[in-house]
Amino acid sequence: MAAVLKKRALAEYSHVIVKDEPGSKPLKRLRLLKRSQSGCSSASIAGYANLLDKCRASNDTNYAMSLLLRISDALGDQDDNTVHQQEDLNDTQRRLADHFSSEKESALRAKILNLMGTIGCLPGQDAQGVMDDIVSLLKQEESHKVITQGLDALLKLGSMLPSNSVGHQRLVALAKQYLCDTSHTVKCKCLEIIGILLPIEGTSFKDSSLAMLKLIATYTNYQEPRVRSAAFNAMIILHERGLKLDPSLYEEVCNALKDDYEIVRKNAMNLIWILASTYPDTIVALPGTSDQEIRLADDAFGKLSSCINDLSMNVRVQAAILLGKFGGNLVKPKFLQQTLDKKLMSNMRKKRSAHERHWESVTSGEWASGKKWADDAPREMLDAETVSLITIGACGAFVHGLEDEFMEVRSASVDSLCAISMTDYNFATMALEFLVDMFNDEIEEVRLKAIDSLTRISSFIVLREDQLETILGALEDFSIDVREGLHKMLAACKLSTKGCLQMCVESLLENLKKYPEDKRSTWQCLQKLGTSHPYLTLPLVPALLGIHPFLDLPEPDVEDPAYVCMLILVFNAAMKCPNMLQLFEEHTLRHYSYLRDTMPNLVPHLKLQVGASNGRHCNQELTAAVTHTANFMEALLERLECAHNTKIRAELLQTAQKTLARLANMDEGLSGASHFMSMLIQAHQLLNKLLASKLWTHPSALASEEGKIIKTQIAELLQICLRLQHVFVGHNDATMSAVRQIKLRALALQLVFTVRGSNASALAQCEHFLAEVEDVQYFMGEKMLPMDPFTSAVLRDLAVLEDAKPGAVARILLPLTSMPTGPLPRPDITLQMCSALILEPKGEADTALTFTAGLVLGVSLDAELYNLANMSALRVKVKYPDQTTQLLMPCKSDLRVSDVVKNPEQNNNDGPGKNFRLRTTVLLSHGVWTEGCPVDLSLVLDLSAPEASMGRRGDDSLCTLELCKPVTISISPKQVKKGF
């Protein structure tokens, strides 16, 4: 098949013209090839290089630069490099090197070296030879700009050589030689080459690498800040490549934290973190003292904490980020806790006894002279900074970070605070107060981060009433993202008292009155609260459900969202507290049955005593019995395989299709597999019905009214195949093979019908069919799967077809379509179906939305999508009353990953498809209407790009797959009012 397609491609894009002349012995053959659209060829590159010789004589700098830029553009567009192109590139490189020697302009020489490096990086080029040429050209060079560009080209070429090669050693030696250059750009590039290319693997390179590391360390005190920064950066690169840095560098790196330039301080901070994580237990002496020592990790934590007060915002952000990496056992807890307290430690001084103080004064030989006031003061009264175990800047480091004026610093501080809290229980308890205070930040992004951080550490903390009061105050936020984040956080946290739970429920109900669109999020929050706090809910049941010991209060309305909230809380708490069941009244039991049927994902199974109409009570088990739907579906498929009679098999297929469709609605766990098998059986039935038609042998009959029915059935079969292929996620190889092969049959029938039953062009459909054949052949060959008789026959016959035109392909396909179909595959039980649920708008409003005709009306759309694998194909479909449709692409920012699952017993986010929350605004516009008319909104998958040739004359409805039932809203475009 590949040979046929290649032959067809050559027939379209090349022509051979042979001119016969009598008496001429050799025949001239002219091959006309289609010009490549990728850009200039290598011949044009060589032509531009040849023109550089003219510039040498005329000294035209601008023209020479334009030629070099054209060569650069041609190299950027070059895709394929054949043998003759390699020769042209080699010639271009040689001419560039020749022109370099005679060029006087430094900018042009730098550009030539850049082009030589680019050519040397192309496939098939001799990178080592190009490096030698560049090195030889740099020997007599004096321009710092040109030397820097040459070293950069050498770095690119050296990166293509194998590690620890001789070329790397030569480049490192060259970089060491150029380190004596006076230009800072040359020094920086040399340090970069040493960091990236220095050989470090193997014992033979150990001594040389350590010596080179000492050489790099000498440049950390260089007068130019960019060189100092490059030296630190080279050390970091060497560490990332596997070279262990010496801990003796620590003191010198710490001194760099006082540098005047932030680029030096930032690299020094990164190096301090590297040393602290590599040698955390190394003992270092405190500066200014001789007998006080501290662990390197603890001292590094203090040094980085002091950087949180730096003048540069970027340095403060970097410090806050690095502090978050000191979690676990890397730093002692007392140093971590000190970052949340602005007061100094009480034991910051080394205490000595009176005898020790007296003995020190005697041995020192110093006595009070009386000339100075308090010159005989006790020696223990020293400056706190000189004897502190941790610098004063570390005290309250996170407090300063959370109070910073820049949003970036506060955001990084919240992230680091959360990272450390997840590794230390005591620190998490202390950090709770500060994270709660960040709920009032002026920037929404910071508030969301604080809420998410508190959610992540919720397993370590227990909320008190004063803390909960601050948290619940944030429910008044206008942002729905903040409110929903708070709902998730409250659902994950633990409350200390029943007063906390009551305060939380009251605030959520007040919030629900103000923001009715938070209904589902509030229900899910109360569901988790009831599950995690059953015994705090128990004393609140009478107040929540309005139960009075003496009075018979009126029955609440089960449609009231606030009452539903309390029922969800109580029912979920009753699952873990059976004593609560005795408090339920008769109408509460009825409401439980109603909610259990309408929202089973929020209301659990309970063992209740349901009262009968005659007053007798009977125990009714409402827990779901263990179903055997998987075994039932397996037995159903086995029964279909045993049926060999055509008539009996057709009846069994029809019965099985209806049974599996009902089974999908009954069992959520097998919904995807049942829906898939039901649709696949429906596709087989439809295919058998099409093949049984007698109209295929009569082209005139296909053009009749009966032929239109055939056309409609083919379109229906193709759409079922597209749904099977794209709507379901989690296919195994067998199911995907069956779907692809039945889709191939449907495309074959569509092509045959178009060729024999209509006058329309079938060229696009033929190309689409051939492409599908090639894809199926590649897929089946890669997966080593067996083919059904139709697919095997199509591949066999198309391989010998010389001209793949629609008519010839249709003549081959017509006798093959009557071949029997393959067996039904066994789907994987974990197969899931992509679906959507539109939450807003409800579509129940009686009043029409009015707007001025010709302008735009924005309608808020809130939906949940389950098992979505192809985000790029998601569209919002708008259908107007005049039957015109629009497919609107939602913004990527409107689509967010959600943890809400359709079936609570399964976590679909572990599969190929994920669950998303779509919150966007649909823009509607139309002309003037006399009255309000309905407009349908739905979510679909648009496959018009990969399957464009299936439809005809711009009809893409075949490639539009519905994910949910449309929601109807009423709009009324009014005429523009004319004013004065």
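Computed from a prediction, not measured in an experiment: that's the story for all the values here.

**Side note on the overall build of the chain**
- Along the backbone of the chain there are 39 helices and 20 strands.
- Put simply, 71% of the contacts in the chain that link residues at least 6 apart link residues at least 24 apart.
- Summing over all exposed atoms, the chain offers an accessible surface of approximately 50,400 Å²; the carbon and sulfur share of this is 53%.

**Observations regarding unusual backbone geometry**
- Here Glu840 and Pro841 are connected by a cis peptide whose omega angle stands at 0 degrees.
- Considering the arrangement of structural elements, one finds Pro841 in the loop between β11 (835–840) and β12 (849–852).
- Positive phi, normally seen in glycine, also occurs at Met784, with a value near 55 degrees.
- Note that Met784 resides in the loop between α37 (763–783) and α38 (789–799).
- For Met784, a relative accessible area of 69% corresponds to the exposed category.

**Focus: the environment of Ser72**
- For Ser72, the location among the structural elements is in helix α3 (residues 61–77).
- When its relative accessible area of 25% is taken as the criterion, Ser72 is described as partly exposed.
- Along the primary structure Ser72 and Leu115 are separated by 43 residues, whereas in three dimensions their C-alpha atoms are 6.6 Å apart.
- Look past the residues within four positions of Ser72 in its chain and what remains in contact with it is Lys111 and Leu115.

**As for the confidence of the model for the chain**
- Looking at the chain, the pLDDT average stands at 80 and 81% of residues meet or exceed 70.
- Taken as a whole, residues 1–42 scores under 50 in pLDDT and shows 45 contacts with residues more than four places along the chain or in a different chain.

**Thoughts on the sheet that holds strand β13 (residues 857–868)**
- Strand order across the open sheet formed by 4 strands is β11-β13-β17-β16, with antiparallel pairing between neighbours. The sheet terminates laterally at β11 and β16 (895–897), the two strands that pair on one side only. The average undirected angle you get between the axes of adjacent strands in this sheet is 25 degrees.
- The sheet contact formed by β13 and strand β17 (residues 914–924) spans 10 bridges and is antiparallel.

**Observations regarding helix α5 (residues 106–120)**
- Over its 15 residues, α5 runs 21 Å from end to end, which matches the ideal 21 Å to within 8%, given 1.5 Å per residue.
- When α5 is considered as a whole, its buried residues turn out to be Leu108, Arg109, Ala110, Lys111, Ile112, Leu113, Asn114, Leu115, Met116, Gly117, Ile119 and Gly120.

**Description of the pairing of strand β18 (residues 933–942)**
- Where burial is concerned, most of β18 is hidden: 7 out of the 10 residues are buried.
- Sheet analysis places strand β14 (residues 874–879) next to β18, joined by 6 bridges and oriented antiparallel. Looking at β18, one finds that Lys879 is bridged to Asp936.
- Where β18 meets strand β20 (residues 967–974), 5 bridges bridge the pair, whose relative direction is antiparallel. Within β20, the residue paired with Val935 across the bridge is Ile969.

**Some thoughts on the packing of aromatic side chains**
- What the rule picks out here adds up to 7 aromatic pairs.
- Each ring, one from Trp273 and one from Phe326, has its centre 5.3 Å from the other, and the planes form 70 degrees; the classification is edge-to-face. Separated by 53 residues along the polypeptide, Trp273 in helix α13 (residues 262–278) and Phe326 in the loop between α15 (313–323) and α16 (333–338) bring together distant segments of the chain.
- Judged by centre distance (5.1 Å) and plane angle (80 degrees), the ring pair of Phe571 and Tyr592 falls under edge-to-face. With a gap of 21 residues between them, Phe571 in helix α29 (residues 561–574) and Tyr592 in helix α30 (residues 586–598) connect regions that are remote in the sequence.

**Here we look at the pattern of salt bridges**
- Taken as a whole, this structure holds 35 salt bridges when the rule is applied.
- When the shortest N-O distance is used, the salt bridge between Lys189 and Asp152 registers 3.1 Å. Taken together, the positions of Lys189 in helix α9 (residues 184–197) and Asp152 in helix α7 (residues 144–159) put the pair 37 residues apart, joining distant regions of the chain.
- For Lys189, a relative accessible area of 14% corresponds to the buried category.
- A salt bridge links Arg896 to Asp481; the shortest N-O distance between them is 3.0 Å. Here Arg896 is found in strand β16, whereas its partner Asp481 is found in helix α24 (residues 480–492), with 415 residues between them in sequence.
- Under the relative-accessibility criterion, Asp481 is labelled buried at 18%.
- Sharing partners across several salt bridges, the network here consists of Asp481, Glu484, Asp862, Arg896, Arg917 and Arg919.

**So, the side chain of Thr92**
- Position of Thr92 among the secondary structure elements: in helix α4 (residues 83–102).
- Thr92 has contacts with Ile45, Ala46, Ala49 and Ile119, leaving out every residue within four places of it along the chain.

**As for the packing of α38 against helix α39 (residues 806–816)**
- In the contact formed by α38 and α39, the axes pass within 10 Å of each other and the chain directions differ by 150 degrees. Viewed along their axes, α38 and α39 adopt a mutual orientation that is roughly antiparallel. Considering how the two elements wind past one another, α38 and α39 form a crossing that is right-handed. Where α38 approaches α39, its residues Phe790, Ala793, Val794, Asp797 and Leu798 are matched on the opposing element by Val809, Ile812, Leu813 and Leu816.

**What about the environment of Ser532?**
- Relative to the helices and strands, Ser532 is located in helix α26 (residues 519–532).
- A relative accessible area of 40% means that Ser532 is categorised as partly exposed.
- Along the chain, Ser532 and Ala491 lie 41 residues apart, while their C-alpha atoms are 8.3 Å from each other.
- There is a polar contact of 2.8 Å between the side chain of Ser532 and the backbone oxygen of Lys528.
- Within the structure, the side chain of Ser532 is placed 3.4 Å from the backbone oxygen of Leu529, a separation counted as a polar contact.

**A closer look at the side chain of Ser229**
- Within the element layout of this structure, Ser229 appears in helix α11 (residues 225–240).
- In this structure Ser229 touches Ile263, Val264 and Asn267, once residues within four positions along its chain are discounted.

**Some words on the packing of helix α6 (residues 127–138) against helix α8 (residues 166–178)**
- One way to put it is that α6 packs onto α8 with a least axis distance of 12 Å and a crossing angle of 20 degrees. In terms of orientation, α6 lies roughly parallel with respect to α8. As for the relative orientation of α6 and α8, their crossing is left-handed in sense. On α8, the residues touching Gln128, Met131, Asp132, Val135 and Leu138 of α6 are Gly167, Arg170, Leu171, Leu174 and Tyr178.
- Per-class residue counts for the contact of α6 with α8 are 6 nonpolar, 2 polar and 2 charged.

**Comments concerning helix α25 (residues 498–514)**
- Spanning 17 residues, α25 covers 25 Å between terminal C-alpha atoms, matching the ideal 24 Å at 1.5 Å per step.
- Of all the positions in α25, only Cys500, Leu501, Cys504, Val505, Leu508, Leu509, Asn511 and Leu512 are classed as buried. Seen end-on, α25 carries its buried residues on one side only, within an arc spanning 165 degrees.

**Side note on the pairing of β20**
- Pairing analysis gives 4 bridges linking β12 to β20, with the strands arranged parallel. Pairing of Thr852 across the sheet is with Lys974, part of β20.

Quick notes on the rules
Residues numbered from 1 in each chain as written. Predicted model: local features only at pLDDT ≥ 70, side-chain atom pairs only at ≥ 80, totals over all residues. Heavy atoms only, no water. Helix = DSSP H or I, 4+ residues; strand = E, 2+ residues; numbered from the N terminus. Contact = heavy atoms within 4.5 Å. Areas by Shrake-Rupley, 256 points an atom, 1.4 Å probe, with all protein chains shown as cover. Buried < 20%, exposed > 50% of the residue type's maximum accessible area, 1.4 Å probe, protein only. pLDDT = per-residue confidence, 0-100. Pairing = 2+ DSSP bridges. Axes fitted to C-alpha atoms, helices over the stretch in contact; angles between N-to-C directions. Expected span 1.5 Å × (residues − 1). Phe/Tyr/Trp six-rings, centres within 6.5 Å; stacked < 30°, edge-to-face > 60°. Salt bridge = Lys/Arg side-chain N within 4 Å of Asp/Glu carboxyl O. Parallel < 35°, antiparallel > 145°, perpendicular 65-115°, else oblique. Left-handed = near helix turned anticlockwise from the far one by under 90°. Polar contact = N/O pair within 3.5 Å; in protein donor to acceptor, adjacent residues only side chain to side chain. Nonpolar A, V, L, I, M, F, W, Y, C, P; charged D, E, K, R; others polar. Arc of directions from axis to C-beta.

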